[in-house]
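Descriptive structure summary
One-letter residues, chain by chain:
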Amino acid sequence: MANPDLMEKEGKKVVLLGNEAIARGAIEAGMGLSACYPGTPSSEVGIALSAIAKQAGFYFEWSTNEKVAYEVAAGAAFSGVRALTAMKHFGLNVAIDSVMPTIYTGVKGGLVIMVSDDPLGHSSAQSEQDTRFYARMGLIPTLEPTNAQECKDLTKLAFEISEKHRIPVMLRTTTMVSHSIGTVKLGKIPQPKTKGNFVKDPESFYCLPPALQQLHERLNKKIDTIELAYDYLNRIEGEGKIGIITSGVSYQYLKEVKKDLNGLKGVKIAKLVMTYPISRSFVTKFLKGLDRVFVLEELEPVVEQFVRALAKDVNPRTEIHGKDILSRIGEYNPETIQSALAPFLKAKKPDFSMHEAYLKKIDLPARKAVLCPGCPHRSTFYAVKKVMGDQTVWSGDIGCYVLGIQEPYKMEDFIVSMGSSIGLAHGIQKVSDQKVVVFIGDSTFFHAGMPPLVNSVAHGTKPIIVILDNGVTAMTGHQPHPGSDFTGMGDKKEPIKIEDVVRSFGIANIKIVNAFSQKELQAAIKEMSASDKLGVIISRGLCRLYMRRLLRKQGGEFSKFQVAPGKCKKCLTCVKQFACPAIMHEGDKVYIREDLCWGCGVCAQVCPVGAIIPAARRKKNDV
Amino acid sequence: MTYNVLIAGVGGEGVLFTSVIVARAANFEGFDVRGTQLHGLAQRGGAIPTHVRFGKAVDSPLIPRAQADLIFALEPLEAARFCYFAHKDRTNFIVDTYPVKPVYANLFDKEYPTYEKIKQMISPFAKNFVFIDASHICDQKLGDPLDGNTMMLGLAVASGMLPLKKESIIEAIKRTVPKDPEKDIKAFRFGLEYKE
Ligand SMILES: Cc1ncc(C[n+]2csc(CCOP(=O)(O)OP(=O)(O)O)c2C)c(N)n1
Ligand code: SF4
């Protein structure tokens, strides 16, 4: 459901999520096209744009992967139309091959790449990547907002900078900027410009040597110009002999704890808004006369190293602190900033010892994320394990099914990157005789699973590849992919069938099974396990959470299951091996919580004594 | 003064809905609003709270340690889990006692603590607390346990634990579920007028 405030009138003050504010900024910039691939913490930019594309009159799509999304946006920008793509940090790893050359060629219409880092990995398993290094590697001008208002304003500005200097501009956030809400004062929405025209321009687009070197030189000049022209965005607050340089959400934390740090008396703050290129003149001026400087930034010491290098020339006596007092790992909060600065600012360190002591006494059962009740992946995992046992190598991939890493399944032996499961399985099989089962989701298959599958066919290994086809990109909020039956604009479309794709690679050994049928699943796995050919099982069953949303929109509910009184023999197969969150075990009672059951009925198939049966229906339209 | 509300629960939807309503209502009253809405794994049964802060001018999106004014918990374990943000001089708790036992408690035979135990855990951090079987009551009286959070908003406003006007909350509901606000308004009013 679209947030109605996204299209509110100019001058209104509304509360937006950072990511929604970025979407609004793009609309206020008259963006004509957006192409994204979901990845939290960036997903809500696309979700917001997708929900209002028709109303606002621009084109939106969820592309097959981030590289494609970037290329689609760049194509529009080559043709003079303003375009935005949003992705999570790992997405930029996928897109970067096309980003690098387009920084050289430049664009005609404004092109904004929104990238969100995720320190602490709230919604990312793979690494604590610091995307700011890419800005330096690719010479990509980069802006960093600190709150929702700036998310909107800087997105708009990023389009202007991009168009004026004919260069793609990156808007970099972190989770706590993208996923924080804030009051935003709205600006005017112009009519979006959606029609462009590609004009041949060999001087810009022919990036072959020796023209490449000329483009490189032109790029360097652009960066120098931008460094000077946007100096004014960075701000200095306060006065004193102690300096603090900060950007992003750390700035907000610093302001929050100001009162606990003696009001930051005698402290001068530099807030960096453009973090690439960093203005040398701004930092030079700031460093003059300072005894001490602190650099507050999450993750790697990117700004700190810049400041250290510059300080050698302009003020070698300044003492510089950064990662010596603050961690490179995880994310900060107001307390980390306060504790790090307090000793230097003669402020009291906060004392929470009483609080700590009480907290230590509280021992709560952990509540980790789990597959939803009724999730088709649980049923697939259960069947595969039943047939293949524990000794198989489980080549995992990225999606809701990463949760299969946890007890009691433990069926992802490694999780590397989207689409990596098939190449890794191939490599393992080339050097060992082990059985390997691959689990890969449908969205991930289209995203980056096709090239390694072709490779396996071409080079002859025989993993069992289980494609978990739940119809949507579930983990990030049920976005459509090429195999879905709807588009990012909300229109119906013909799904591209995974079996057709797989067959076209020359794979004949394909089984399509109902993900909610243990019988079908187990039979298919047995057959594949006995076969000496590469086998693909497409386990098809709609994401249960997605289905539930569709159902509730129509006022329906799932019908429920129950444990028949007296029949249960307390073997606990459903509790300990199937592990559905709706099945409870208390004392010597096993029962299903009706309010948590989403009616898939797979538990009834795994119960060895048939003790689980349908419960009475509550309403007529329940399914 | 900034007013800090931490909303905790299981499953995501109720938590997100509640925080949107509180944030919108505060915005209608002219406050500066900040907070967090972590989506990520919230949907998959994880325990991820949202922060909503409102006042004249708010800086950090995160509530600083021990500075919550209200912990609004849609599940009792989750009330206890976030005592980090609570302080007995300041923090009120309103807690739906409808439990959701974590899968891992089932798997490893971990006890779900009794309410008495949860109350004991919370009390060193609580100025005041209200335990109410909201989902259950809503299931019986309104026919939908998912109304529990909206009913609790009513209780929080009526008791002054949430210093926002009831009209603002109703406006916020209308803005958030424009197609069918009546169901939530009814649950909210039910909470406003609820007497044990
Ligand atoms: C390069 C990259 N882009 C995006 C993501 C974010 N991401 C994590 S899981 C996922 C969804 C995968 O969907 P699918 O394979 O269909 O599995 P499902 O969640 O539906 O089970 C995405 C997009 C990522 N981790 N890496
Ligand atoms: S969102 Fe869908 S795919 Fe993901 S765990 Fe829930 S039911 Fe399974």
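The subject of this paragraph is the overall build of chain A. The helix and strand tally for chain A stands at 22 helices and 23 strands. Summarising its shape, the C-alpha atoms of chain A cover approximately 80 × 70 × 55 Å along the three principal directions. Partitioning the contacts of chain A with sequence separation of at least 6, the portion at a separation of at least 24 is 77%. With the model as given, the accessible surface of chain A reaches about 24900 Å², and the carbon-plus-sulfur share is 55%. For chain A, the distance from the average site of its 80 positive side-chain charges to the average site of its 64 negative ones is 3 Å.

Counting its regular elements, chain B contains eight helices and six strands. When the elements of chain B are put in sequence order from the N terminus, they spell out β-α-β-β-β-α-β-α-α-β-α-α-α-α. Projected onto its principal axes, the C-alpha coordinates of chain B cover approximately 50 × 40 × 35 Å. Here chain B holds 196 residues, and 64% of them are scored as buried. Counting only contacts in chain B whose residues sit at least 6 apart along the sequence, the fraction spanning at least 24 positions is 65%. Just so you have it, chain B exposes about 7300 Å², and 54% of that area is on carbon and sulfur atoms. On chain B, the mean spot of the 24 positive side-chain charges and the mean spot of the 23 negative ones are 5 Å from each other.

For the rest of this paragraph, the subject is the environment of Ala76(A). Along the polypeptide, Ala76(A) turns up in helix 3 (residues 66-78). Separated by 432 residues in sequence, Ala76(A) and Ala508(A) have C-alpha atoms that sit 39 Å apart.

This brings us to the nonpolar core. All names here are of chain A. Leu49, Phe58, Leu84, Val99, Leu143 and Leu341 are the most contacted members of the largest nonpolar core, which has 99 residues in total. Discounting chain neighbours no more than four positions away, the residues touching Leu84 are Ile22, Ala26, Met31, Leu33, Ser34, Ala35, Val45, Leu49, Ala73, Val112, Thr155 and Phe159. Grouped together as the second largest cluster of nonpolar side chains are 78 residues, Phe381, Ile467, Ile498 and Leu545 included.

Here we take up the interface of chain B and chain A. Facing 61 residues of chain B, the contacting portion of chain A comprises 68 residues. With both sides pooled, the region where chain B packs onto chain A buries about 5900 Å², and carbon together with sulfur makes up 56% of that total. Summed over the shared surface of chain B and chain A, the number is ten salt bridges. Seen at the junction of chain B and chain A, the total is 31 residue pairs in polar contact (both at pLDDT 80 or more). For the side of chain B that touches chain A, the secondary-structure elements that each account for two or more residues are helix 1 (13-28), strand 2 (32-36), helix 2 (76-81), helix 3 (103-107) and helix 7 (166-176) of chain B. For the side of chain B that touches chain A, a count of residues per class yields 30 nonpolar, 13 polar and 18 charged.

Another point: the sheet that holds strand 13 (residues 292-296) of chain A. Residues and elements named next belong to chain A. As summarised here, the arrangement of the five strands in space is 9-11-10-13-14, forming an open sheet in which the pairing is mixed. Both outer strands of the open sheet, strand 9 (235-237) and strand 14 (319-321), are each paired with one neighbouring strand and no more. Pairwise comparison of adjacent strand axes, ignoring direction, gives a mean angle of 20° for this sheet. As paired strands, strand 10 (residues 242-246) and strand 11 (residues 267-271) are joined by five bridges and run parallel to one another. In the sheet register, Ile245 faces strand 11, and the bridge partner there is Ala270.

As a matter of local geometry, ligand 2 sits amid Leu371(A), Cys372(A), Cys375(A), His377(A), Cys400(A), Asn470(A), Ala474(A), His478(A), Cys543(A), Arg544(A), Leu545(A) and Arg44(B). Ligand 2 sits at the junction of chains A and B, each of which supplies nearby residues. Considering only residue class, the shell around ligand 2 consists of seven nonpolar, three polar and two charged.

Below, the discussion takes up the sheet that holds strand 3 (residues 59-62) of chain A. Residues and elements named next belong to chain A. Pairing is mixed across the open sheet formed by seven strands, whose spatial order is 3-2-4-5-7-6-12. Because the sheet does not close on itself, it has two edges, and the strands there are strand 3 and strand 12 (274-276). Across two bridges, strand 6 (residues 142-143) lies against strand 7 (residues 169-174) in parallel orientation. Of the residues in strand 7, the one forming a bridge with Thr142 is Met170.

A common way to express how large an interface is: the accessible area buried when the components associate. The domain boundaries assigned to chain A delineate domain 1 (4-229), domain 2 (233-359), domain 3 (376-551) and domain 4 (557-614). Taking the mean C-alpha position of each, domain 2 of chain A and domain 4 of chain A sit 55 Å from one another.

Right, let's get into the pattern of salt bridges. In the structure shown here, the tally under the stated rule is 47 salt bridges over all chains. With a shortest N-O distance of 2.8 Å, Arg81(B) and Glu78(B) are connected by a salt bridge. With Arg81(B) and Glu78(B) both in helix 2 and three residues apart, the pair spans about one turn of that helix. On the accessibility criterion, Glu78(B) (0% relative accessible area) is buried. Because the salt bridges share partners, they merge into one network encompassing Arg548(A), Arg552(A), Glu557(A), Lys560(A), Asp144(B), Asp147(B) and Lys183(B).

So, on to the site of ligand 1. Residue and element names in this part refer to chain A. Around ligand 1, a shell composed of 26 residues is seen, among which Glu66, His377, Asp442, Thr444 and Ala474 lie nearest. Within the side chain of His377, a nitrogen or oxygen atom sits 2.7 Å from an oxygen atom of ligand 1. With respect to ligand 1, the backbone of Ala474 contributes an N or O atom lying 2.9 Å from an oxygen atom. When ligand 1 is considered free in solution it has 580 Å² of accessible area, and contact with the protein chains removes 97% of it. If you list the elements that add at least two residues to the shell around ligand 1, you get helix 4 (89-105) and helix 17 (442-459). Looking at the shell around ligand 1 element by element, the count peaks at four residues for helix 17. Taken together, the residues of the shell around ligand 1 sort by class into eleven nonpolar, twelve polar and three charged. Here the shell around ligand 1 gathers at least three residues from each of two domains, domain 1 (4-229) and domain 3 (376-551).

Our next topic: the packing of aromatic side chains. One pass over the full model with this rule turns up 18 aromatic pairs over all chains. Residues Phe381(A) and Tyr409(A) carry aromatic rings whose centres are separated by 6.0 Å and whose planes lie at 35° to one another, so their mutual orientation is tilted. With Phe381(A) in helix 15 (residues 376-388) and Tyr409(A) in the loop between strand 15 (393-395) and helix 16 (420-431), this pair connects stretches of sequence that are 28 residues apart. On the basis of relative accessible area, Phe381(A) is assigned to the buried category, the value being 0%. Consider the rings of Phe129(B) and Phe131(B), whose centres lie 5.5 Å apart with planes at 65°: the pair is edge-to-face. Among the aromatic residues, those joined into a cluster by ring pairs are Phe381(A), Trp394(A), Tyr409(A) and Phe439(A).

Conventions adopted
Residues numbered from 1 in each chain as written. Chains lettered and ligands numbered in written order. Predicted model: local features only at pLDDT ≥ 70, side-chain atom pairs only at ≥ 80, totals over all residues. Heavy atoms only, no water. Helix = DSSP H or I, 4+ residues; strand = E, 2+ residues; numbered from the N terminus. Contact = heavy atoms within 4.5 Å. Areas by Shrake-Rupley, 256 points an atom, 1.4 Å probe, with all protein chains shown as cover. Lys, Arg positive; Asp, Glu negative; His and termini not counted. Charge placed at Lys NZ, Arg CZ, Asp CG, Glu CD. Buried < 20%, exposed > 50% of the residue type's maximum accessible area, 1.4 Å probe, protein only. Core = buried A, V, L, I, M, F, W, Y, C linked by side-chain atoms within 4.5 Å. Buried area = accessible area lost by both parts, 1.4 Å probe. Salt bridge = Lys/Arg side-chain N within 4 Å of Asp/Glu carboxyl O. Polar contact = N/O pair within 3.5 Å; in protein donor to acceptor, adjacent residues only side chain to side chain. Nonpolar A, V, L, I, M, F, W, Y, C, P; charged D, E, K, R; others polar. Pairing = 2+ DSSP bridges. Axes fitted to C-alpha atoms, helices over the stretch in contact; angles between N-to-C directions. Near = heavy atom within 4 Å. Domains from an automatic or database assignment. Phe/Tyr/Trp six-rings, centres within 6.5 Å; stacked < 30°, edge-to-face > 60°.

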